[in-house]
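Spelled out from the first residue to the last, the chains are:
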Amino acid sequence: MLGLTGLFSSDMAIDLGTANTLVYVKGRGIILNEPSVVAYHVKDGRKQVLAVGEDAKLMLGRTPGSIEAIRPMRDGVIADFDVAEEMIKHFIRKVHKRSTFSKPKIIVCVPYGATPVEKRAIRQSVLSAGARRAGLIAEPIAAAIGAGMPITDPTGSMVVDIGGGTTEVAVLSLGDIVYARSVRVGGDRMDEAIISYLRRHQNLLIGESTAERIKCTIGTARMPDDGRGKVMQIRGRDLLNGVPKEIEITQGQVAEALSETVQTICEAVMIALETTPPDLAADIVDRGVMLTGGGALLGDLDLALREQTGLIITVADQSLNCVALGTGKALEYEKQLRHAIDYES
């Protein structure tokens, strides 16, 4: 009987990120990658969902009074429960075309530092979105599996997963976490840093989407050699006389804006190295550190970390998809990774 239900249900792995949500379906790979944004219309105090994902992201910061576009995930955990549930439902429906009697089994990854309350919120919203069982897997384990690290071997592997809301630094051995810490710094914090830098130094107010565009286009973690680097035109509102204007921003300025965030990530890595048992630390010197997550794509971040730690730093091949791929692999090889997936409560 079990085999039959397994045939009909398409089990899923979901990477519920602060910035993007990815869905991996067993046997089919990643088939959905959309921004974690929901736009809803408030009518008589009731929320009606208008758009989810790509369509809703275009509305961020551009909505009239009656429509709100929000990101239900903050710092890797659920901030707005109802909206997050709607979003998960929407994504599951989008993937799971036929809403037959079969309910999928779903594995979701959570940040390592998530409190029991936050974990329960994620599990509840996945269950009420129509899952048969909801398993949780720690994000660093998923990221390491997705990056193709040999986590089940008795050697130390270090993974740094820089997401939108959190940065997870973990040392793994024998398929479990030896040491991990989650710092609530990530891509969002970088955007905020760029916004406040331009506000202070250029008297220009820009929105989150512009800040994200700056980060993706010319963002860099270390000062360019000539102190300027590439140049980009950006538009925003002048704070002195309140009119929109266009200025140019250089890579040097972006590097200066991001220096504090990059420093925080470097410190997290250093603290992790300090608390690692000596034998595992020896393995890490040998193997190096793996960078995953969208933040790993920030220009020269690997070089900045290398200067600080002196270790070999590699960026994973598909760094944006690592966590989703790893969560999906955990679904495929559930027997071997039993201890890493937590179904209880």
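Residues numbered from 1 in each chain as written. Predicted model: local features only at pLDDT ≥ 70, side-chain atom pairs only at ≥ 80, totals over all residues. Heavy atoms only, no water.

Novice: Please explain the overall build of the chain as it appears in this structure.
Specialist: Scanning the chain from terminus to terminus reveals 11 helices and 19 strands. Over its C-alpha atoms the chain spans a radius of gyration of 21 Å, differing by no more than 12% from the 20 Å that the globule rule assigns to 345 residues. With 345 residues in all, the chain has 52% of them scored as buried. Counted over contacts in the chain with a minimum sequence separation of 6, partners at least 24 positions apart contribute 63%. For the chain, the separation between the mean place of its 39 positive charges and that of its 43 negative charges on side chains is 7 Å. (Helix = DSSP H or I, 4+ residues; strand = E, 2+ residues; numbered from the N terminus. Rg over C-alpha atoms; globule rule 2.2 N^0.38 Å. Buried < 20%, exposed > 50% of the residue type's maximum accessible area, 1.4 Å probe, protein only. Contact = heavy atoms within 4.5 Å. Lys, Arg positive; Asp, Glu negative; His and termini not counted. Charge placed at Lys NZ, Arg CZ, Asp CG, Glu CD.)

Novice: Help me out: how do you make sense of the sheet that holds strand β5 (residues 46-52) in this one?
Specialist: As a general point, the strands of a sheet are linked pairwise by backbone hydrogen bonds and lie either parallel or antiparallel. Taken together, three strands build an open sheet; the order of strands is β5-β4-β6 and the sheet is antiparallel. Both outer strands of the open sheet, β5 and β6 (67-70), are each paired with one neighbouring strand and no more. Strand-to-strand twist in this sheet, taken as the mean axis angle between neighbours without regard to direction, amounts to 30°. In terms of strand pairing, strand β4 (residues 38-43) meets β5 through six bridges, oriented antiparallel. Along β5, the bridge assignment pairs K43 with R46. Of the strands in this sheet, β4, β5 and β6 are in contact with helix α3 (residues 81-95), which crosses β5 at around 40°. (Pairing = 2+ DSSP bridges. Axes fitted to C-alpha atoms, helices over the stretch in contact; angles between N-to-C directions.)

Novice: Could you clarify how one ought to interpret the pattern of salt bridges in this entry?
Specialist: Proximity of charged atoms lets side chains of opposite charge pair with each other. A complete count under the given rule lists 13 salt bridges for this structure. Between D80 and K47 there is a salt bridge, with the nearest N and O atoms lying 3.7 Å from each other. Of the two residues, D80 is situated in the loop between β8 (77-78) and α3 and K47 in strand β5; the sequence distance between them amounts to 33 residues. Across the salt bridge formed by K215 and D191, the nearest N and O atoms sit 3.2 Å from each other. (Salt bridge = Lys/Arg side-chain N within 4 Å of Asp/Glu carboxyl O.)

Novice: In this structure, what is going on with the environment of V171? I would like to understand it.
Specialist: Within the fold, V171 resides in strand β12 (residues 167-173). Residue V171 is classed as buried on the basis of its relative accessible area, which comes to 0%. Sequence separation between V171 and V159 is 12 residues; the distance between their C-alpha atoms is 6.5 Å. Non-local contacts of V171, meaning those with residues more than four positions away in its chain, are made with S157, M158, D176, I177, V178, Y179, T276, L280 and I284.

Novice: Would you mind going over the domain arrangement of the chain with me for this structure?
Specialist: Interface size is commonly expressed as the accessible area that is lost once the parts come together. Per the domain assignment, the segments of the chain are domain 1 (12-36 + 71-141 + 323-342), domain 2 (148-185 + 260-319) and domain 3 (187-258). Taken over C-alpha atoms, the centre of domain 1 sits 23 Å from the centre of domain 2. Listed as interface residues are 16 residues of domain 1 and, on the opposing side, 18 residues of domain 2. Overall, the association of domain 1 and domain 2 removes approximately 1400 Å² of surface from exposure, summing both partners, and the carbon and sulfur fraction of that is 60%. (Domains from an automatic or database assignment. Buried area = accessible area lost by both parts, 1.4 Å probe.)

Novice: Mind showing me how you'd approach the environment of K57 here?
Specialist: With respect to the element layout, K57 can be found in helix α2 (residues 54-59). Sequence separation between K57 and V37 is 20 residues; the distance between their C-alpha atoms is 5.7 Å. In this view, K57 contacts P35, V37 and E212; residues no more than four positions away in its chain are not counted.

Novice: So what exactly am I meant to see when it comes to the side chain of D238 here?
Specialist: Relative to the assigned elements, D238 resides in strand β15 (residues 231-238). Contact partners of D238, with chain neighbours within four places excluded, come to N203, L204, V243 and K245.

Novice: I'm lost on the sheet that holds strand β13 (residues 176-183) in this one. Help?
Specialist: Sheet architecture is open: five strands sit in the order β13-β12-β11-β17-β18, paired in mixed fashion. Of all the strands in the sheet, just β13 and β18 (313-315) have a single pairing partner and so form its edges. Between one strand axis and the next, the sheet turns through 20° on average, direction left out of account. Of the strand pairs in this sheet, strand β11 (residues 157-162) and β12 are connected by six bridges, and their pairing is antiparallel. Paired with I162 across the two strands is T167, which belongs to β12. Across the sheet, helix α5 (residues 139-146) touches β11, β12, β13 and β17 (289-292), and the angle it forms with β12 is around 70°.

Novice: Where do I start with the state of the cysteines in this structure?
Specialist: Think of a disulfide as a covalent bridge from one cysteine sulfur atom to another cysteine sulfur atom. Counted by the stated rule, this structure contains zero disulfides. Among the cysteines around C216, which has no disulfide bond, C322 carries the closest sulfur, lying 17 Å off. A relative accessible area of 60% places C216 in the exposed class. The cysteine C322 is free of any disulfide, with C109 supplying the nearest cysteine sulfur at 12 Å. (Disulfide = S-S within 2.5 Å.)

Novice: Looking at this model, I keep getting lost on the packing of α5 against helix α11 (residues 322-332). Mind explaining?
Specialist: Two numbers describe a pair of packed helices, the interaxial angle and the distance between the axes. At a minimum axis distance of 6 Å, the contact between α5 and α11 shows a crossing angle of 90°. By the angle between their directions, the pair α5 and α11 is classed as roughly perpendicular. Residues E139, A142, A143, I145 and G146 of α5 pack against C322, V323, L325, G326, T327 and K329 of α11. When the residues that make up the contact of α5 with α11 are grouped by side-chain class, the tally is six nonpolar, three polar and two charged. (Parallel < 35°, antiparallel > 145°, perpendicular 65-115°, else oblique. Nonpolar A, V, L, I, M, F, W, Y, C, P; charged D, E, K, R; others polar.)

Novice: Hey, could you run me through the packing of α3 against helix α4 (residues 116-128) in this one?
Specialist: Their axes nearest at 9 Å, the elements α3 and α4 cross at an angle of 45°. Classed by the angle they form, the pair α3 and α4 counts as oblique. The way α3 lies across α4 gives a crossing that is right-handed. The segment α3 lies against α4, with F81, E85, I88 and K89 engaging A121, Q124, S125, V126 and S128. Residue composition of the contact of α3 with α4, grouped by class: four nonpolar, three polar and two charged. (Left-handed = near helix turned anticlockwise from the far one by under 90°.)

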